[in-house]
Each structure stands twice: as C-alpha cells, then as structure tokens.
Amino acid sequence: MHRSSPRQDIDESALSVTPPKQQAAGLTAVAVSLKRSVEEMGVVRTARTLARVNQVHGFDCPGCAWPEPTGHRRPAEFCENGAKAVAEEATLRTVTPDFFATHSVDELESKSGYWLGQQGRLTHPMVLRPGATHYAPIAWDEAYRLIADELRALASPDEAVFYTSGRTANETAFLYQLLVRSFGTNNLPDCSNMCHESSGSALISSIGIGKGSVSIDDFGKADLIIVAGQNPGTNHPRMLSALAGAKANGAKVIAVNPLPESGLLSFRDPQTVKGLTGGVDLADDFLQIRLGGDMALFQGLGRLLFEAEDRAPGTVVDRAFVDAHCAGFHAYENHARAVDLDTVLRATGLTRADLDRTAALFARSERIIICWAMGLTQQAHGVATIEEATNLLLLRGMIGKPGAGVCPVRGHSNVQGDRTMGIWEKMPDAFLDALDREFGITSPRAHGFDTVNAIRAMREGRAKVFFGMGGNFVSATPDTEVTEAALRGCGLTVHVSTKLNRSHVVHGRTALILPTLGRTDADIRDGVKQQVSVEDSMSMVHLSTGRLPPVSAHLRSEVGIVCELALELFGPDHPVPWDRYRRDYDKIRDAIARVVPGCADYNRRVRERNGFVLPHPPRDTREFRTTTGKANFAVNQLHWLSVPPGKLILQTLRSHDQYNTTIYGLDDRYRGVHGGRRVVLLHRDDITEFGFADGDLVDVISEWKDGSERRVTAFRLVAYPTPRGNAAAYYPETNPLIPLDHVAARSNTPVSKAVTIRLEPHVHVGAQS
Ligand SMILES: Nc1nc2c(c(=O)[nH]1)N[C@H]1C(S)=C(S)[C@@H](COP(=O)(O)OP(=O)(O)OC[C@H]3O[C@@H](n4cnc5c(=O)[nH]c(N)nc54)[C@H](O)[C@@H]3O)O[C@H]1N2
Ligand SMILES: Nc1nc2c(c(=O)[nH]1)N[C@H]1C(S)=C(S)[C@@H](COP(=O)(O)OP(=O)(O)OC[C@H]3O[C@@H](n4cnc5c(=O)[nH]c(N)nc54)[C@H](O)[C@@H]3O)O[C@H]1N2
Ligand SMILES: [Mo]
C-alpha cells in the first residue's frame, strides 16, 4: 500500500524544542521533500510529478511566486516546501460523500485545520441544506441553480462578496471578475488585501505601478541586496539560490529582521555539490530590528546618506536621476536631514555603528535591490515604510537600471496575475472601460469591498452571499470570532476548493463545496488538454499544464465552474460567450489580449519558451505614471512601536511546515519547534521578567484601543533570540487575537505583525487539558 492513513489530530503535549538551526536547506531538505511526497502520492506519482515542477513544459509550482530562472533550468527547480505544496495537492487520499455521511459538520468543526487538510482531496460537489447536520452530495447543475437563485434574490448585487485566493490562474481570474462585474458589483476582495496591498499602495504612489521593478537576472548583477521583513528560507526557498548566485558575483546581502532566520543567515544549496558539504553565509550583515522599526531605519539611513553627500558632494545623491525623473526631492531632503537619530536607535533597537555601516555600504553600492515581504506590509504604517525604502532607492537612482530596484516578494503563486486580470475591488476605470467595450456589458464603477470591509458588511447584514474562489477565508482573516459570526450570518456560503478546510464548516444557512482541479491535474476539454497561464513576482507570464489524472471524475476546472455558473445566472443570451470559453481556453486568452494592458498577442507570447514579461514603465524606460508624472519622494511622519510597560508586541508568522492556513506538518525545523504549534517565542529575559519559566503554558490576551480584549489559551513559552518586548507566534492559531479594525493606514491590510498582548498563566480547567 502506498497510501498512508491520515494523521491524528495535533497533540500539543508532544511538543519539543531544540536550538534554532544555523543553516537552511541541504540534504535534510531533500530527504524531507521526498518522504512527504511518497507518503501522499506513492513512488510513481511522486516521480512523475516532481520532475515536472517549474519546467518549461510542466506546471507552475503551486507554492510561491518566486520566478523560474530564464536560462538553464536545473533538473529539480523546486524546493522542499514546493515539494510539500505539490504533495498536498497531488495526494491520493480522498474526501468522498461517505466521509461526509460519517462526520457531521459539528464534528468537523471540532477538528483542527491540520486534520481537515490531511483527509485528502474533495471528490464531489456537496451541499449543506438549512438545518442539516451533514453535507450531502448535490449535482453540479443543481448547485449552480441554487447559487443563481440566491444571487438573483438579493436586493442588490452589492450584497454578494466574491473572494479570490492567489492560486487562481489568469484565465479563471479574468472570467471570474467578468462574471462578478456582469452581475453588477466590484465586491472582489482577495488575499492580496491581507498580503502585499501595502506594497501596491506605496509603489503606485511612488513610481506609478504596484509591482516590483527587478527581474531574476538583476540579482546576478546587484552589488547590494537588502532583505527586510521576509523569511525566504521557508517561504521562498528558491530565492536563496538567487541570493547565493548574487553573492558569488560579489554582492553583499543585508538581512533586516527581528528573528535570526536560518535561510537568511546561511544556506546550503542542495542542488550543487558544494551545497551538500559546505555552505555559504548568505547575509553579510544581520540587522536585528525591533518589530515595526523599519520606517525609522529607512528614515535614519536617509539622513546619513545626505550627510555622506555633504562629506563627498556629488557621490551619493544621483542628481541627474533626481532632476530628470523625481518630484518632491527638496521636501524629502528637509525632512530627512531633521530625523532624530536617537529616536531611530530607540525605534530600531540597532546601534549607531549598525546604521553607519549600512549607510556607508548603501552610499557606495552602484546597484541596489531592496526585497521585502510581510514583515513590512502587515504593519500599521507599512505603506509609509515601503515609501521610505523607495525614497532611498530614488535618491541613489536605483530604479530602471540593471541590478537595481524594488522587489516586493509575492506570496501565492499567481496573486500578482490575478490583479493584472482585474481581481481588485477598485480596478481603474480604464480597465473597466476596456472590459465594457469588449463584451458590451456595463461594469459598475463604485469601488467594492476589500477583505476587511467585506467582513464588516457581512457582520452588519449588508452582505449575504459569500463566494470563495479558493482560499480559506475564515482562517486567513483576522478576528476569527468576528469573522466566523459574519460568515454564519450569510444566507449562502460557497467555496470552490481542492481540500477540506475550516471555511467549509463555519458556514451560512446553506453551504456549498465545489471541488476543483488543481495545478497538477490534467484539464481535458472535448478531448483537448487545456493549459492555463500565471504571472510570477517579476511580471513574467507563462503557461502551466497539469498532467496527473484527477482523483475523481466529478472535479471541474475553475474555468468550467465560472462559465457554467454564468450560463445558469445570465442565460444563453448573455453577450459574453461563456460556452465557447469553457471549451477552449485559447478563446479566453484572445479576450485577455484585447482587454488587459500589455497582453497583446497573448496566446502566442505565452507559448514562448520562458513566456513573456509584462511592461513595467519605470523598469523599462524610467517612465513614472504617477499623479505628478514623476517618481515621487514621499514625506512621512515617523511612526514606530514602543512596547507599553507590562505588555509585549506580537507578530504572527509562518512555520516551516505550513502553507498559510494549510498545515503540512508540525516541524518548524529551522526554529527548532517540533510536534506542535501553540508556542509563543519570547526573549529569555522577558520570560523571566514576567515571572514565567521557559516551557510554561500561558494564555495570550490582546488589548485593543477600544478597551476590548481577545484571548487564546494554552500556548507554550519558548525562549528565543527575538528582541526584548517582541514576541512571535504562528498564524492562523493566533488570528483570534487580531482586532478587525487593526489595519494599516492607506492599504486597510490587517496588522498581523504588531498586536499588543499580555500573558497570563494558563489555568488548567478540569483534570487534564
Ligand atoms: N512554504 C511556504 N511558502 C509560502 C507561504 C507559506 O505559508 N509557506 N506563504 C506564501 C505567502 S501567501 C506569502 S505572503 C509569503 C510570506 O512570506 P514571509 O513574509 O516571509 O512570511 P512570514 O512568515 O509572515 O514572515 C515574515 C518575516 O518578517 C519578519 N518580520 C516580522 N515583523 C517585522 C518587522 O516589523 N520588521 C522586519 N524587518 N521584519 C519583520 C518575521 O520575523 C519573518 O521573518 O510566503 C509565500 N510562500
Ligand atoms: N495572522 C495572520 N494572518 C494572515 C497572514 C499572516 O501573516 N498572519 N498572512 C495573510 C496572507 S499573506 C495571505 S496571502 C492570506 C492567505 O489566505 P488564503 O489564500 O485565503 O488562504 P490559503 O491558506 O492559502 O488557502 C488554502 C485553501 O485553498 C484551497 N486551494 C488550494 N489550491 C487550490 C486551487 O488550486 N484552487 C482552488 N479553488 N482552491 C485551492 C484549499 O481548499 C485550501 O484549503 O492569509 C493572510 N492571513
Ligand atoms: Mo500572502
């Protein structure tokens, strides 16, 4: 038998802690990926699948959005966590109607997300009727009818919410937003609202486009790479190879992080012989910053750069670039020169020597890239922080030249493509005009709900139908109790999913699960294998072709589901040729070519060997389509986080053994946490100061400014090298602590990386807990 049985639910008492690892990847990573894959898929399917990940004629890894190298692709262009993502999807375990007949919704609700995900792939469309205790099978046609009836019965299209998670391919995303806008609403919240929205807001304002300006080749040309608020060893492991390559070409790498993440500090590339024996120290410097201290760091560096310019005029500020391409320089200079460096030291927890060293390197490097992820975006002042990072690059003329630029490292494998295809609650009018011209529909122009506003609307009864294209809304969003109540208040909740998750068991009056094909599955229509396309973090668009036989004949593709629902909802006379689209995805791409900027000749270009790169005016021609027509220096009042006495600031982050709300296993290898997830990482001296001992069980209480409190219970304290006053714990277990209203200025992103908490001893209720 190649199918191992589903694992047991989590037993936190089995948790053990070892010292954090100093090095990432290496042979252990190879061993772990093969073991997990064989457990889920068996030997043959493993060999067939892993050989195809990220290859030119294969499928795009459903893990992260890090790009594939453009030249030679190595035989194994994936990583340990990519292999886990593939195994999770390509598993042979199944969740059938029998499973749902055996397990009531109440019972499933008592299980962890880990257990739910371990049960396997969903095989049949299922319905939970009002008052029923169990999901029951439903025919596809009847499911579509049910949704269409419920949607048509709403008082306004704006009472429906259509969420998207970032795995959705371009073709699906394009048709899905077309369906939603044909129906009459812009309520298209997506996971990006919780992810890189702050990056988009900042970059659109600073350089006129919300995407990164570097390509993978720029890494080989850079001489300084700053990686701030990101843990690539776990979340973008293939980025480590790019960093190692940059280093081989002489680049310096600086890690800015409260935690000494192993991937950033040292790396063994499992794909080179050297990587199996020795390793490279990736980061030349590690700035152990306090949570939320980055804006202060970037502003302080700004001041020091101007002082360096004073000492050696004409060598630091790129006058030619600033004069030709930028607006707001003088206001920025005045503000930067007045930054108080003592405040910067307090805010960051760094030393003056740290700042001087970094500024000196920044001043003399000729090609600088700044990379970042959730450590910067999920902060109350994340947008301003990213603007400040951009200011530094503008000052040095680092946009639109080889080896330099801004690099927000995206999360989900197609989250950037979904936005390009129109998944955004506030898509620009020019896009909507093009859509209307192509299809003869009238898209609504009023902006829709983002994720946080969608929850507010459902909570207040202003939204009544929730439709999720992938994802796990209930677990990914903040303020779990509030969100769960909001979902339960809906008349209908629908999820297009590959695997069972908590969003299926926290449901509206009626609930539907629509099982779909994943990236690895072959998608055959009228005997022809269909392909989809995706865009990576660096604006490269290419095809992805699944090859595995689906685990059930009842699965439908996401494209199929959107088209069939549209046919039911709008009838056969609708101006959009839904029936043609579901039969032939080339026809969708022809429409994309006419509507989406930069996608002309899409069908041909997407079939080129490495696909094609979308236009990026600042990168390509130093053209800045901002309100001023120039790259804007931003002036921001300095914000940082001080830790109130008796409290801590908590960041919620990913372990090495999960994909967002999907828990692969219980082994955060690099951080040394094994067998459990309910831990709070805290500085040893803080543990003592608060009267606890390493290993104690505590309750974690968050405090919000309106006086409300939220609590999660029975977390183990783990002494960890984090800055004093700064704690860390895993997401999604700690999402109940994040107040819905705790959002970033300008991007409305939940502040998952800065929650004020206090700790209380955990009191055992009953004999044993
Ligand atoms: N295997 C795997 N891969 C993934 C994912 C996954 O869950 N598993 N998720 C995908 C998704 S959707 C995303 S968005 C990305 C997420 O990728 P990351 O952003 O790397 O994910 P997090 O685990 O949230 O890590 C945040 C990092 O920022 C640091 N940090 C927190 N607060 C601050 C701060 O104030 N300042 C600084 N300088 N650093 C800070 C943390 O210590 C941590 O190292 O990964 C993608 N790839
Ligand atoms: N506290 C805290 N909260 C956070 C974050 C944090 O750092 N801290 N990070 C935020 C971030 S960056 C993000 S991106 C969000 C993630 O939010 P989501 O994207 O909503 O969550 P995921 O866990 O990625 O979704 C997993 C589910 O997607 C479904 N799925 C997987 N593959 C496919 C597919 O191919 N098609 C379809 N239709 N379904 C599929 C499966 O059923 C699986 O259960 O969470 C956010 N929430
Ligand atoms: Mo994300």
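Just so you know, these numbers come straight off a predicted model, no measurement behind them.

J.: Please clarify how the overall build of the chain should be interpreted in this entry.
T.: Broken down by element type, the chain carries 32 helices and 34 strands. Relative to the globule expectation of 27 Å for 769 residues, the C-alpha radius of gyration of the chain, 25 Å, shows essentially globular dimensions. Reported as C-alpha extents along the three principal axes, the dimensions of the chain are approximately 75 × 70 × 55 Å. The buried share among the 769 residues of the chain stands at 64%. With an accessible surface of roughly 26300 Å², the chain has 53% of that area assigned to carbon and sulfur atoms. Treating the 85 positive side-chain charges of the chain as one cloud and the 89 negative ones as another, the clouds have centres 3 Å apart.

J.: Before we go on, may I ask you to explain the nonpolar core in this structure?
T.: Where a protein is soluble and globular, its nonpolar side chains tend to be buried together. Residues Phe162, Phe174, Leu175, Phe439 and Leu512 are the most contacted members of the largest nonpolar core, which totals 65 residues. Broken down by element, the residue count for this core peaks at eight residues, all from helix H7 (residues 170-183). Setting aside residues no more than four positions away along its own chain, Phe162 makes contact with Leu151, Tyr176, Leu179, Val180, Phe183, Thr185, Asn187, Leu188, Pro189 and Phe467. Listed in part, the 55 residues of the second largest apolar core include Ala296, Ala336, Leu376 and Val406.

J.: Which parts of the structure should I look at to understand the sheet that holds strand E23 (residues 612-613)?
T.: Strands belonging to one sheet form pairs held by backbone hydrogen bonds; the direction of such a pair is parallel or antiparallel. With antiparallel pairing, the three strands of this open sheet are ordered in space as E21-E22-E23. In the strand order of this sheet, the two ends are held by strand E21 (532-535) and E23, each with one partner. Here strand E22 (residues 540-544) runs beside E23; their pairing, made up of two bridges, is antiparallel. Looking across to E23, one finds that Val541 is bridged to Phe612. Packing of H7 onto the sheet brings it into contact with E21 and E22, and relative to E21 it is tilted by some 90°.

J.: It is not clear to me how unusual backbone geometry should be interpreted in this structure. Could you clarify?
T.: The phi angle of most residues is negative, glycine excepted, and most peptide bonds adopt the trans form. Cis geometry marks the peptide bond from Tyr731 to Pro732, where omega comes out at 5°. Positioned with a positive phi, Asp526 is a non-glycine residue whose angle comes to about 50°. Here Asp526 lies in the loop between strand E19 (524-525) and strand E20 (528-529).

J.: I tried to follow the state of the cysteines on my own but got confused; where do I start?
T.: Throughout this description, disulfide means a covalent bond between two cysteine sulfur atoms. Overall, the coordinates contain zero disulfides when judged by the stated rule. Cys407 provides the cysteine sulfur closest to Cys326, a residue in no disulfide bond, and the two sulfurs are 20 Å apart. Its sulfur unpaired, Cys371 is 4.0 Å from the next cysteine sulfur, which belongs to Cys407. Overall, Cys371 belongs to the buried group, its relative accessible area being 0%.

Basis of the calculations
- Residues numbered from 1 in each chain as written.
- Chains lettered and ligands numbered in written order.
- Predicted model: local features only at pLDDT ≥ 70, side-chain atom pairs only at ≥ 80, totals over all residues.
- Heavy atoms only, no water.
- Helix = DSSP H or I, 4+ residues; strand = E, 2+ residues; numbered from the N terminus.
- Rg over C-alpha atoms; globule rule 2.2 N^0.38 Å.
- Buried < 20%, exposed > 50% of the residue type's maximum accessible area, 1.4 Å probe, protein only.
- Areas by Shrake-Rupley, 256 points an atom, 1.4 Å probe, with all protein chains shown as cover.
- Lys, Arg positive; Asp, Glu negative; His and termini not counted.
- Charge placed at Lys NZ, Arg CZ, Asp CG, Glu CD.
- Core = buried A, V, L, I, M, F, W, Y, C linked by side-chain atoms within 4.5 Å.
- Contact = heavy atoms within 4.5 Å.
- Pairing = 2+ DSSP bridges.
- Axes fitted to C-alpha atoms, helices over the stretch in contact; angles between N-to-C directions.
- Disulfide = S-S within 2.5 Å.

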